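Single-letter residue listing:
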Amino acid sequence: IEILNSCSQNKILPISIINATIMTSPNNLVRFLPFRSVAEPSFWLDHNSRKLNELRLSEAGVPLRGFFGVTTTSITTGDTNNGSAIIPPGMRFDTSGDARRNEWIRAHGTIHSLNTIENLKRCDKNKFLNEACLPSLLACCGVIDGDGGSIDDPNVALVPITCITYCDLKTNMTVYWFAFPALSPRKGCAIAYSTNTTTPQTRLIDAWGTNECRTLSKCFHNFRVMQEQQQQQQQCIEEEGTIGNNDVWCPPFFLLLPTLKDESTGVVIRKMKCFALNKETYNSLSDEEKQSSIFGFVDPNTTTGTPSSTTTLAVGWTLRNLVAYLSLSLGLGGSDAKFLSFRLPFLRRVDSSESCSSDDDMNNSYMDVADEFDKNDEGVGNSLLLDIAIPLVSDYKWNNDDEANDDIYTSYRCVGWELNKKNKAGPRSIDLRPLVSPSHLARQANDLNLRLMKWRALPNLDVQRLSQLKVVLLGAGTLGCSVARTLLGWGVRKITFVDSGRVSYSNPVRQSLFGIDDCKEGGKYKAVAAAESLVAIAGPDVQSEGVVLTIPMPGHSFGGGKDGEAETAAVKKDVETLHKLIDESDVAFLLTDTRESRWLPTVMALATDTPLINAALGLDSWLVIRHGASSSALASCGQSQRLGCYFCNDIVAPENSTRDRTLDQQCTVTRPGLAPIAASMATELCVAMFHHSLGNCAPPPEAKRNGSAGSYSPADDGTSPSSSALGLMPHQIRGTIVTYMMMTPSVPAFPSCTACADSVVEQYKKGGFEFVKCV
């Protein structure tokens, strides 16, 4: 209702209001049947995706292409003479792109995607229509200078389209309003039939007879074949997105010279010919040819009926701009001209390999005319000859009294806004939710926040790369659940959990991927339950897997007892599986709850050059660290300073931390708010790393004292070698919620580290499981 009110305030003069005025005016006024938009759902889905990923905040027009043909289904029962039962022909819009379909007629224009529904309401529709379409129309008509290209071709410029739309990307609702612009004479100067004739409309078969109708059908077909051949020879291929390309579409207009016979002998003096409609062709005609020429247009309106001196049939909307072209460009204003409303039962597809038919070829190939004795049959014979009085050039100037004002936007006006389904001035809308699968809706909704970031805040955000990352989470507990949920928010879709524990009743309140049902009957394996939960949360588009595996740890012996061989084989398999998972991943997160369980993944990550993000919790403090890259990886990136790992600050080798410990010492006892903070920091550090040109080889920022003892505040002005598209890339992030402080120190690698020293990594590469067994 608000949109309709705003339309009324703007005094929009849409198609059917003009049409209604004409239909109630004197009988000599030409009645036009407007187009109706037929936009396929795929068109709107494609446009919404383009708005989200490409256009973003831009409201500038982008190329829009539509097409229409002729069809026998454009009328219903009723009195077709007064137009009350006529369904307007459809202008179609889909995602077919530039597919060659020369059995259709092409329309060109722009579509403007507005950022808010308020912008659409406030938009001055008449001003918008004039600014969008007047330049091309007037350039084609010679009123203003054109570019000399396809925009000056009447077969392109005289069939314009435009659209304004608002895409609600959250609800998948699209509001749109199409227009089919036409130059309009000023008030009191409507396009009318000639007053020099008593029959402004005549059926072609009544005027010419069957043979000439067949000749016309053949002549037009040959004209189209020649157009196709000429276009193929020229190989006129323009850049994608500009008007015109190497496709040949059926021309909407043509210039026709009818057969000329000697009145006394009946001898043919001039055979019927079809020409491309343009100023150069028309000016090349002799005075006699200009006098007898007929201006043809393919009429999408196939309404049948018998016109008379008192009743006329509605004609196609494209005639409006054709009449304006004749007045403004060809200088025929103030004279009478003959038009052909060319009505075909259908348009045939033509091929450039076809040969033009000879004059003697009058076989059934062109039997698409009405039988002379059965004039109700559809065919070329139902075409209409129209005698129309061409308005003067001054009739198209709305500010004729103000000669000093040469502004084209006030001198000339366009009409053509489409009416909505209620036949009132206003836009239409479409709900796309029922047209797409739930999984698609889920994926689109999940990524919406990321796509919107690219609009203004983070234009360099690589959403596509994040969606393709393959991540392995070593640990599916409190940290693992939080990291996985945050990764989902960043659009990561390939997540593998590694854990050997089961869900207990103490887990769901702290670990967000589990529920009470996961605890029953001894509890599900955490890795499996977490993977299933991710799919349930984000949809089947998520590729999540749970791997039940115990990470071999220093100080935890195996292979003893009567089942020693079987235990050794199981541990060996776990080592091989873990190595493969880390090697095949783009990044690994180390989120286990014991110190010694972090040793082997640290060694494996360096051995496979897999970036590793480590997160650890204390009672009220936390640590996030990106382990430094290997020496060989650093050398390939031109870097020399290797950063330390989780174990570089310790001089004691990892050992069994669960032996001789009470329950509170064995469990990860930590304040509940700590894990989400650490998990978020770990994930953000990972995402920043994949937006740095050096990846994990990026150097840490230079720490600067800000005057407070023990605190660091590195600033990111975009010039630091550590800067990524998302900010700086620290080596470590240490925080505490006792004082609510956070530091980002950088620690170089310890050459004799028990985990990341080159000698340790080389021994693992050589010995593999045998080395692990010795540890």
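As the structure is a computational prediction, the values presented were derived from the model and not from experiment.

Reading guide: rules and limits
- Residues numbered from 1 in each chain as written.
- Predicted model: local features only at pLDDT ≥ 70, side-chain atom pairs only at ≥ 80, totals over all residues.
- Heavy atoms only, no water.
- Helix = DSSP H or I, 4+ residues; strand = E, 2+ residues; numbered from the N terminus.
- Expected span 1.5 Å × (residues − 1).
- Buried < 20%, exposed > 50% of the residue type's maximum accessible area, 1.4 Å probe, protein only.
- Contact = heavy atoms within 4.5 Å.
- Pairing = 2+ DSSP bridges.
- Axes fitted to C-alpha atoms, helices over the stretch in contact; angles between N-to-C directions.
- Salt bridge = Lys/Arg side-chain N within 4 Å of Asp/Glu carboxyl O.
- Disulfide = S-S within 2.5 Å.
- Polar contact = N/O pair within 3.5 Å; in protein donor to acceptor, adjacent residues only side chain to side chain.

Draft legend 1. Focus on helix 16 (residues 526-538). Between its terminal C-alpha atoms helix 16 stretches 18 Å, which fits the 18 Å expected from 13 residues at 1.5 Å a residue. Turning to helix 16, its buried residues are Lys526, Ala527, Ala529, Ala530, Ala531, Ser533, Leu534 and Ala538. Those residues of helix 16 that are buried lie in contact with helix 13 (438-455), helix 15 (478-489), strand 21 (494-499) and strand 22 (543-548).

Draft legend 2. Examining the sheet that holds strand 22 more closely. Across the sheet, which stays open at both edges, the eight strands sit in the order 22-21-20-23-24-25-26-27 with mixed pairing between neighbours. With one partner strand each, in any of the chains shown, strand 22 and strand 27 (741-743) form the two edges of the open sheet. Put simply, the sheet's adjacent strands are angled 15 degrees from each other on average, direction ignored. Strands strand 21 and strand 22 of the sheet are contacted by helix 16, whose axis makes an angle of about 170 degrees with strand 22.

Draft legend 3. Expanded view of the pattern of salt bridges. All chains considered together, the criterion is met by 18 salt bridges. Here Asp395 ties to Arg186 by a salt bridge, and the two come within 3.9 Å at their closest N and O atoms. In this pair, Asp395 is assigned in the loop between strand 17 (384-389) and helix 12 (408-411) and Arg186 in the loop between strand 7 (173-183) and strand 8 (192-193), connecting sequence segments 209 residues apart. In this structure, Asp541 engages Arg493 in a salt bridge whose closest nitrogen and oxygen atoms are separated by 3.4 Å. Note that Asp541 is positioned in the loop between helix 16 and strand 22 and Arg493 in the loop between helix 15 and strand 21, a separation of 48 residues in sequence. Overall, Arg493 belongs to the buried group, its relative accessible area being 3%. What emerges from the salt-bridge pattern is a single network uniting Asp447, Arg493 and Asp541.

Draft legend 4. A look at the state of the cysteines. Under the definition given, this model contains zero disulfides. The thiol of Cys133 is not disulfide-bonded; the next cysteine sulfur, from Cys414, is found 5.7 Å away. Lacking any disulfide linkage, Cys753 is separated from the closest cysteine sulfur, that of Cys645, by 3.5 Å. On the basis of relative accessibility, which here comes to 2%, the residue Cys753 falls in the buried class.

Draft legend 5. View of the side chain of Arg626. Inspection of the secondary structure assignment puts Arg626 in strand 25 (residues 621-626). A polar contact is formed between the side chain of Arg626 and the backbone oxygen of Asn696, at a distance of 3.2 Å. In terms of polar contacts, Arg626 uses its side chain to reach the backbone carbonyl oxygen of Ala698, at 2.9 Å. Ignoring anything within four residues of it in the chain, the contact list for Arg626 reads Leu612, Ile613, Leu643, Gly644, Leu685, Asn696, Ala698, Pro699, Pro700, Met729, Pro730 and His731.

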